[in-house]
Amino acid sequence: MSEPADGAVVAASVLLRRGRLLEGATLAWNVTGVAVLAVAAIEARSVALAGFGLDSLVEIGASAVVLWELSGTGEQRQRRALGLIRAAFVALAAYLAVQSLVVLLSGSRPEHSPAGIAWTALTGLAMFALAAGKLRAGLGLGNPVLTHEAAVTVVDGLLAVAVLVGLVLNAALGWWWADPLAALVIVSYAIREARSITRDLTPVAAGREVPR
């Protein structure tokens, strides 16, 4: 009976190491992204690119939270980590809503940004790949913090695609309003994930078993 148990321990160790590597990669990508997007946003006078840089800061915070949670154990640590990720989702939704409305009302028209187009395209691909890996590792470990943070990474990828579409349509057709409209769709996704975390936390807080 010891061999299956030992195998499970090894598998969990592999998944834990994979989760840490994926979070480290996400952290490194977004740290680089903040610098790249700052330069691109200034050159193009793009509110969308500047906002996407702020979103990268949210993702940096979420990755740091997960790395902290994966370094220890305990229900209290897990609950605190989930609460921090929920706060990141709320902040992201609020930022997207305000940014989109400001851009729509002001009619801000950014310059073309080849660098912004290239970076957002690469970021979309990278974030979806990282999110898939985190989800698999999180489900394998039974770790809600890692699985919920995978959803944060999906939002980051969706926002990259939204900004990319806006930049391309602005460059090709002059449709400056496409970016903020696409970003508003992501607001509902972020709010849904924040509510999902709240549902996960509430039964535990009430001393009840979370239904499977």
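Keep in mind that this is a model prediction, so the values were computed, not measured.

1. Comments concerning the confidence of the model for the chain
Overall, the predicted model of the chain reaches an average pLDDT of 83, with 91% of residues at or above 70. The secondary-structure element of the chain with the lowest mean pLDDT is helix α6 (residues 178-205), recorded at 78, while helix α4 (residues 114-141) shows the highest, at 93. Within the model, the stretch residues 204-212 combines pLDDT values under 50 with seven contacts to residues more than four positions away or in other chains.

2. Looking at a nonpolar patch on the surface
On the surface, L101, L105, L173, W175, W177, L181 and L184 cluster together into a nonpolar patch covering about 700 Å² of accessible area. Mapped onto the nonpolar patch, the elements with two or more residues apiece are α3 (75-106) and α6. With respect to the helices and strands, L173 occurs in helix α5 (residues 144-173).

3. Thoughts on the packing of aromatic side chains
Following the criterion strictly, the structure yields two aromatic pairs and no others. Consider the rings of W29 and W119, whose centres lie 4.9 Å apart with planes at 25 degrees: the pair is stacked. Placement of W29 in helix α1 (residues 2-44) and of W119 in helix α4 is noted, with a sequence separation of 90 residues between them. For W119, a relative accessible area of 14% gives the class buried. With centroids separated by 5.4 Å and ring planes inclined at 15 degrees, the aromatic side chains of W175 and W177 adopt a geometry described as stacked.

4. Concerning the nonpolar core
L49, I85, F89, L96, L159 and V163 are the most contacted members of the largest nonpolar core, which totals 41 residues. Elements with a minimum of two residues in this core: α1, α2 (47-70), α3, α4, α5 and α6. Once residues within four sequence positions are removed from consideration, L49 is found in contact with L37, A40, A41, S113, G116, T120, V163 and L167.

5. Describing the side chain of N143
Within the secondary structure, N143 sits in the loop between α4 and α5. Residue class for N143 comes out buried when judged on its relative accessible area of 9%. At 3.0 Å, the side chain of N143 and the backbone nitrogen of L146 are in polar contact. N143 has contacts with E69, L70, Q78 and G138, leaving out every residue within four places of it along the chain.

6. Side note on unusual backbone geometry
For R45, which is not a glycine, the phi torsion comes out positive at approximately 50 degrees. Following the sequence through the fold, R45 ends up in the loop between α1 and α2.

7. Focus on empty space enclosed by the protein
Applying the stated criterion to the full structure yields one cavity of 30 Å³ or more. In this structure, the largest cavity spans a volume of roughly 120 Å³. If you go around the largest cavity, you meet 14 residues; those closest to its centre are A48, V103, P110, W176 and D179. Grouping the amino acids of the lining of the largest cavity by side-chain chemistry returns seven nonpolar, six polar and one charged.

Thresholds, definitions, all that
- In every chain, residue numbers begin from 1 and rise along the written sequence.
- Local features in this predicted model are restricted to residues whose pLDDT is 70 or higher, and side-chain atom pairs enter the listing and the counts only when it is 80 or higher, whereas totals over whole chains, interfaces and linings include all residues.
- Excluded from the side-chain calculation are hydrogens and water; included are all heavy atoms of the structure.
- pLDDT: the predictor's confidence for each residue, scored from 0 to 100.
- Here a strand is any run of E in DSSP of at least two residues, a helix any run of H or I of at least four, and the numbering for each starts at the N terminus.
- Residues count as neighbours in contact if any of their non-hydrogen atoms are within 4.5 Å of one another.
- Exposure above 30% relative accessible area and no salt bridge define the residues that can form patches, which grow by joining like charges within 9 Å and nonpolar side chains of Val, Leu, Ile, Met, Phe, Trp and Tyr within 5 Å.
- Per-residue and other accessible areas follow the Shrake-Rupley method at a 1.4 Å probe size, with only the shown protein chains counted as cover for residues.
- Any carboxyl oxygen of Asp or Glu that lies within 4 Å of a side-chain nitrogen of Lys or Arg is treated as forming a salt bridge with it.
- A pair of aromatic rings is counted whenever rings of Phe, Tyr or Trp (Trp by its six-membered ring) have centres within 6.5 Å, and the orientation is called stacked for planes under 30 degrees apart, edge-to-face for over 60 and tilted otherwise.
- Buried residues are those whose accessible area, probed at 1.4 Å on protein chains only, stays under 20% of the maximum for their type, while exposed residues exceed 50% and partly exposed ones sit between those limits.
- By nonpolar core is meant a set of buried Ala, Val, Leu, Ile, Met, Phe, Trp, Tyr and Cys residues that side-chain atoms within 4.5 Å join together.
- Polar contacts, as counted here, are pairs of nitrogen or oxygen atoms within 3.5 Å of one another; within protein the pair requires one atom able to donate a hydrogen and one able to accept it, and residues that are adjacent in sequence qualify only if both atoms are side-chain atoms.
- Definitions used throughout: a 1 Å grid over protein atoms alone; a cavity as a set of points that fits a 1.4 Å probe which cannot get out; a pocket as an open set with protein on both sides within 12 Å along at least five of seven lines; a lining residue as one with an atom within 4 Å of a point.
- Grid points are joined across faces, edges and corners, and a volume is the space filled by probe spheres set on the points.
- Amino acids are sorted into nonpolar (Ala, Val, Leu, Ile, Met, Phe, Trp, Tyr, Cys and Pro), charged (Asp, Glu, Lys and Arg) and polar (every other residue, Gly among them).

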